[in-house]
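Architecture and fold: a report
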Amino acid sequence: MKRGQESRDNGDSDSIIIGCLAQSFFPEPVNMAWVNGSEGTVRNYPAAQIGNTYTQATVLDFPAGQCTDTKSYQSLAEEGDYVLCVLAPAPIVECSCKTPQVSLSPPSLESLLLGTGANLTCTLSGLKDGNGVKFTWEHTPAQSSTSKPIQGTPEKDSSGKYSVSSVLEICAEDWTRGDNFSCTVSHCEIENTTKTISKLEVIQIPPQVYLLPPSADELALNELVSITCLVRGHSPPEALVYWLKGSERVPREDYIISGPYPEPKGNNTFIISSILQVSASEWKAENKYSCVVGHEALPLNFTQQTIDRFSGKPTNVNVSVILSDVYGTCY
């Protein structure tokens, strides 16, 4: 007889449901009972035939108040004619009844490098009720701003809990300067909680960018070929990497990015690689492919290397990315 581990479901109600499953037994029926489950409601299900054997289940529904962060549950063995499902401390499945959590996320690297409005996101997660959440933002030193936070609607996750986020658009210059931004969250399920974030001060080293053409072995197969962009020797570790075919941006699903990783022999510097795969026919045509790299230590924030099958060596140039006015301006 196989004994299945329990399943646990935190629904909308304040209860915990644990299941005990007996599988692959013959003949039926089998007697199932819970040990240490007197405070819950037991529901037994009839045996079901699957192939030449039977499967049978029982579930225990008990108040969530009996659940603590250090308590877990396990269904155990058979004894005589009974399968005993025992509630006892065990390392298999943790019973999590944690309090809601507040997180504060920094702006994306792309928005910072492009020099337009960047977003801070403050999120309260793990709520039983997503209504009534209040977010209060503070910028130090105080700056006048026309931007107002945008609070989203509650979103339900797979565990049945809710999360709510507030997004504040800031100027990239304020973040780069090292200003502090604080988010205070209030809700009936937690005490008022404040999170503060600012840009970390790190040594800035611009990246070296190398663009490598497809290998002769790949070209001989006349199928897909790989163009490799190597970004190395930079700090801080984050860098923006994307590809152009001519002047058109290549879809993200057409290339992969690995890293950043610490350089094995570097001095607190990092390495990133990106591989773009194109058909051999595209490579043999007069197409130019460019690897564009953005990093805060570069003179114009971006540098670009371009290659095609006719060029003996990739061309390198620092570039400035100019945006349309629709992205807004910081004052």
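What counts, and at which threshold
Residues numbered from 1 in each chain as written. Predicted model: local features only at pLDDT ≥ 70, side-chain atom pairs only at ≥ 80, totals over all residues. Heavy atoms only, no water. Helix = DSSP H or I, 4+ residues; strand = E, 2+ residues; numbered from the N terminus. Buried < 20%, exposed > 50% of the residue type's maximum accessible area, 1.4 Å probe, protein only. Contact = heavy atoms within 4.5 Å. Areas by Shrake-Rupley, 256 points an atom, 1.4 Å probe, with all protein chains shown as cover. Disulfide = S-S within 2.5 Å. Pairing = 2+ DSSP bridges. Axes fitted to C-alpha atoms, helices over the stretch in contact; angles between N-to-C directions. Phe/Tyr/Trp six-rings, centres within 6.5 Å; stacked < 30°, edge-to-face > 60°. Core = buried A, V, L, I, M, F, W, Y, C linked by side-chain atoms within 4.5 Å. Salt bridge = Lys/Arg side-chain N within 4 Å of Asp/Glu carboxyl O.

Under an unreviewed UniProt entry, the name given to the protein chain is Ig-like domain-containing protein, and the source organism is Vombatus ursinus.

1. Side note on the overall build of the protein chain
Of the regular secondary structure elements, the protein chain holds four helices and 28 strands. Evaluated residue by residue, the protein chain yields a buried proportion of 36% over its 331 residues. A fraction of 58% describes how many contacts in the protein chain between residues 6 or more apart in sequence connect residues 24 or more apart. Carbon and sulfur atoms make up 50% of the accessible area of the protein chain, which totals about 19300 Å².

2. Quick notes on the state of the cysteines
Taken as a whole and judged by the stated rule, the model has two disulfides. Each sulfur in the disulfide pair Cys122 and Cys183 lies 2.1 Å from the other. Residues Cys122 and Cys183 share a disulfide whose torsion about the S-S bond is about -90°; that sign makes it left-handed. Of this pair, Cys122 sits in strand S13 (residues 118–127) while Cys183 sits in strand S18 (residues 180–187), and the two are 61 residues apart along the sequence. Exposure class is identical for Cys122 and Cys183. Each is buried. Across the disulfide from Cys229 sits Cys291; the S-S distance is 2.0 Å. A torsion of -75° about the S-S bond marks the disulfide between Cys229 and Cys291 as left-handed. Taken together, the residues span a long stretch of sequence, with Cys229 in strand S21 (residues 224–234) and Cys291 in strand S26 (residues 289–294) at a distance of 62 residues. Of the residues examined, Cys291 reaches a relative accessible area of 0% and is grouped as buried.

3. What to know about the sheet that holds strand S20 (residues 208–212)
Read across the sheet, four strands follow the order S20-S21-S25-S24 without closing on themselves; strand pairing throughout is antiparallel. This sheet does not close on itself; its edge strands, each paired only once, are S20 and strand S24 (255–262). For this sheet the average axis-to-axis angle between neighbouring strands, irrespective of direction, equals 15°. As defined by bridge partners, S20 adjoins S21 across five bridges and the pair is classed as antiparallel. Bridge pairing in S21 places Leu212 opposite Thr228.

4. With respect to the pairing of S21
On a regular strand, each side chain points to the face opposite its neighbour's, so the side chains alternate between the two faces of the sheet. Relative to strand S25 (residues 270–279), S21 runs antiparallel, the two sharing ten bridges. When the sheet's bridge partners are listed, Val231 is paired in S25 with Ile272.

5. What about the packing of aromatic side chains?
Taken as a whole and judged by the stated rule, the model has two aromatic pairs. Aromatic side chains Trp175 and Phe181 sit 6.4 Å apart centroid to centroid with 25° between the ring planes, which places their arrangement in the stacked category. Of the residues examined, Trp175 reaches a relative accessible area of 7% and is grouped as buried. Taken together, a centroid distance of 6.3 Å and an interplanar angle of 25° make the contact between Trp283 and Tyr289 stacked. Exposure remark for Tyr289: the relative accessible area of 1% places this residue in the buried category.

6. Some points on the nonpolar core
Counting residues in each nonpolar core, the largest one holds 26 residues, and the members touching the most others are Ile227, Cys229, Trp243 and Leu276. Top contributing element to this core by residue count: strand S22 (residues 240–245), with five residues. Other than its neighbours up to four places away in sequence, Leu276 contacts Val225, Ser226, Ile227, Trp243, Val250, Asp254, Tyr255 and Tyr289. Leu104, Ala118, Val164 and Ile190 belong to the second-largest nonpolar core, a separate cluster that totals 21 residues.

7. Thoughts on the sheet that holds strand S14 (residues 134–140)
Sheet architecture is open: three strands sit in the order S14-S18-S19, paired in antiparallel fashion. This sheet does not close on itself; its edge strands, each paired only once, are S14 and strand S19 (190–197). Adjacent strand axes in the sheet meet at a mean angle of 15°, parallel and antiparallel pairs treated alike. In this sheet, S18 lies alongside S14 in antiparallel orientation, the contact comprising seven bridges. Considered in S18, the bridge of Trp137 is made with Cys183.

8. Quick look at the pattern of salt bridges
All told, the structure shown has seven salt bridges when counted by the stated rule. The partner of Lys245 in a salt bridge is Glu282, and the shortest N-O contact between them spans 2.8 Å. Residue Lys245 is located in strand S22, and its partner Glu282 is located in helix H4 (residues 280–284); the two are separated by 37 residues in the primary sequence. We classify Lys245 as partly exposed; its relative accessible area is 33%. Exposure remark for Glu282: the relative accessible area of 28% places this residue in the partly exposed category. Look at the salt bridges and you will find they share partners, linking Asp174, Arg177 and Asp179 into a network.

9. So, the environment of Pro214
Checked against the element boundaries, Pro214 lands in the loop between S20 and helix H3 (216–221). Separated by 63 residues in sequence, Pro214 and Gln277 place their C-alpha atoms 9.2 Å apart. Aside from chain neighbours lying at most four places away, what touches Pro214 is Leu219, Val225, Ser226, Ile227 and Trp283.

10. Notes on the pairing of S25
A one-sided burial pattern is seen for S25, the buried positions being Phe270, Ile272, Ser274, Leu276 and Val278 and the unburied ones Ile271, Ser273, Ile275, Gln277 and Ser279. As paired strands, S24 and S25 are joined by six bridges and run antiparallel to one another. In the sheet register, Pro262 faces S25, and the bridge partner there is Phe270.

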